[in-house]
Amino acid sequence: RSALRGEISTWPGFAEGAWWVQDASAAVPARLLNVKPGESALDLCAAPGGKTLQLAAAGASVVAVDRSAPRLVRVAENLARMGLTAETATDDAGSWPDPRTFDAVLLDAPCSATGTYRRNPDVLWAAKPGDVAALAGVQSRLLDSAARRVKPGGRLVYCVCSLEPEEGESQTAGFLARNPDFALAPMTAGEGGAPEASLRPDGTLRILPHHLVGGTDGFFVARYTRQA
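Conventions used here
- Residues numbered from 1 in each chain as written.
- Predicted model: local features only at pLDDT ≥ 70, side-chain atom pairs only at ≥ 80, totals over all residues.
- Heavy atoms only, no water.
- Helix = DSSP H or I, 4+ residues; strand = E, 2+ residues; numbered from the N terminus.
- Rg over C-alpha atoms; globule rule 2.2 N^0.38 Å.
- Buried < 20%, exposed > 50% of the residue type's maximum accessible area, 1.4 Å probe, protein only.
- Contact = heavy atoms within 4.5 Å.
- Areas by Shrake-Rupley, 256 points an atom, 1.4 Å probe, with all protein chains shown as cover.
- Lys, Arg positive; Asp, Glu negative; His and termini not counted.
- Charge placed at Lys NZ, Arg CZ, Asp CG, Glu CD.
- Axes fitted to C-alpha atoms, helices over the stretch in contact; angles between N-to-C directions.
- Parallel < 35°, antiparallel > 145°, perpendicular 65-115°, else oblique.
- Left-handed = near helix turned anticlockwise from the far one by under 90°.
- Nonpolar A, V, L, I, M, F, W, Y, C, P; charged D, E, K, R; others polar.
- Polar contact = N/O pair within 3.5 Å; in protein donor to acceptor, adjacent residues only side chain to side chain.
- Phe/Tyr/Trp six-rings, centres within 6.5 Å; stacked < 30°, edge-to-face > 60°.
- Lys NZ or Arg CZ within 6 Å of the ring centre and 35° of its normal.
- Salt bridge = Lys/Arg side-chain N within 4 Å of Asp/Glu carboxyl O.
- Disulfide = S-S within 2.5 Å.

### Digging into the overall build of the protein
Counting its regular elements, the protein contains six helices and eight strands. In terms of overall size, the protein behaves like a compact globule, its C-alpha atoms giving a radius of gyration of 17 Å where 228 residues would be expected to give roughly 17 Å. Across its three principal axes, the protein shows a C-alpha extent of roughly 50 × 40 × 35 Å. Expressed as a percentage of the 228 residues in the protein, the buried residues total 51%. At a minimum sequence separation of 6, the contacts of the protein that also span at least 24 residues come to 70%. Accessible area of the protein: about 10,500 Å², with a carbon and sulfur share of 57%. Placing the 23 positive and 25 negative side-chain charges of the protein at their respective mean positions leaves the two points 1 Å apart.

Encoded structure:
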């Protein structure tokens, strides 16, 4: 964490590609994929690209998919600044027609973003009662699409910056019921840099803002492996 203030692009090392910006919680999911150099990785709903950068920096061959072309421009700019490479594709993560499968797939799904209220308090004012149910349907569709893109023996990480169980814990139960060839791959305490207090009994993560001194975004994270 930095005590610097002002325009980020003027901070030392930014232009030279020495670092990029991520919330502490947002940096956890990509680490949990444990990608190795030479493995293939797919980042769905990738923009603004912090997780894409993590996967590329770990040596994976990365494809980043997002339906927003302007937001993918930012991903490409950050990759260039960091001296990293990744393939980008503008498409809906749920209907992307590419038939390839990958060793590791990351889905940071659209969500209510209630876990970010400590730095985006307007989230709590803008949310509507029906938003969570509508978004849960989108998340289920994207999860099933992500599952089809995982190689046998591959890994899938699902995450949302939401505090709502319908977007987190309930998604895990529904996903496993619909996809019997996947199994939960439990995390261990502190794995991926997550606060130890965030580990749930089933091995998923429920990161709460107070789990890190100074605050952090609220996240739910689950990891799965494909058995066949």
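### Focus: the packing of helix α5 (residues 131–147) against helix α6 (residues 169–178)
To characterise two packed helices, one gives the angle between the axes of the helices and the distance between these axes. One way to put it is that α5 packs onto α6 with a least axis distance of 10 Å and a crossing angle of 45°. Classed by the angle they form, the pair α5 and α6 counts as oblique. Here α5 runs over α6; the crossing is right-handed. Between α5 and α6, the contacting residues are Ala-136, Gln-139, Ser-140, Leu-143, Asp-144 and Ala-147 on the first element and Gln-171, Phe-175 and Arg-178 on the second. Tallied by class, the residues present in the contact of α5 with α6 amount to four nonpolar, three polar and two charged.

### A closer look at helix α2 (residues 50–57)
Most of α2 is tucked away, with seven of its eight residues classed as buried. Taken together, the buried positions of α2 are occupied by Gly-50, Lys-51, Thr-52, Leu-53, Gln-54, Leu-55 and Ala-56. Those residues of α2 hidden inside the fold are in contact with α1 (28–31), β1 (40–44), β2 (61–66), α3 (69–82), β4 (102–108) and β5 (150–160). Looking one or two residues past α2, Gly-59 carries a phi angle of roughly 100°, positive in sign.

### Things to note about the side chain of Glu-39
Position of Glu-39 relative to the elements: it lies in the loop between α1 and β1. Overall, Glu-39 belongs to the buried group, its relative accessible area being 18%. Within the structure, the side chain of Glu-39 is placed 2.9 Å from the backbone nitrogen of Lys-36, a separation counted as a polar contact. With near-sequence residues (within four places) excluded, Glu-39 lies in contact with Asn-34, Ala-60, Ser-61, Asp-103 and Arg-155.

### Some points on the packing of aromatic side chains
Applying the stated rule across the entire model yields four aromatic pairs. The rings of Trp-11, Phe-14 and Trp-19 are connected pair by pair, giving a single aromatic cluster. Lying over the aromatic face of Phe-14, Arg-81 brings its terminal NZ or CZ to 3.8 Å of the ring centre.

### Comments concerning the pattern of salt bridges
Under the criterion given, the structure shown has 15 salt bridges. With its nearest N and O atoms 2.9 Å apart, the salt bridge here joins Asp-98 to Arg-100. Residue Glu-169 is joined to Arg-206 by a salt bridge in which the shortest nitrogen-to-oxygen separation is 2.8 Å. In this pair, Glu-169 sits in helix α6 while Arg-206 sits in strand β7 (residues 205–207), placing the two residues 37 residues apart along the sequence.

### A look at the state of the cysteines
Considering all chains together, one arrives at zero disulfides under this definition. Between Cys-45, a free cysteine, and Cys-159, which holds the nearest cysteine sulfur, the sulfur-to-sulfur gap is 9.5 Å. By relative accessible area, Cys-45 is classed as buried at 18%. Here Cys-161 stays free of any disulfide, with the sulfur of Cys-111 as its closest cysteine sulfur at 3.5 Å. Given the relative accessible area of 16%, Cys-161 is considered buried.

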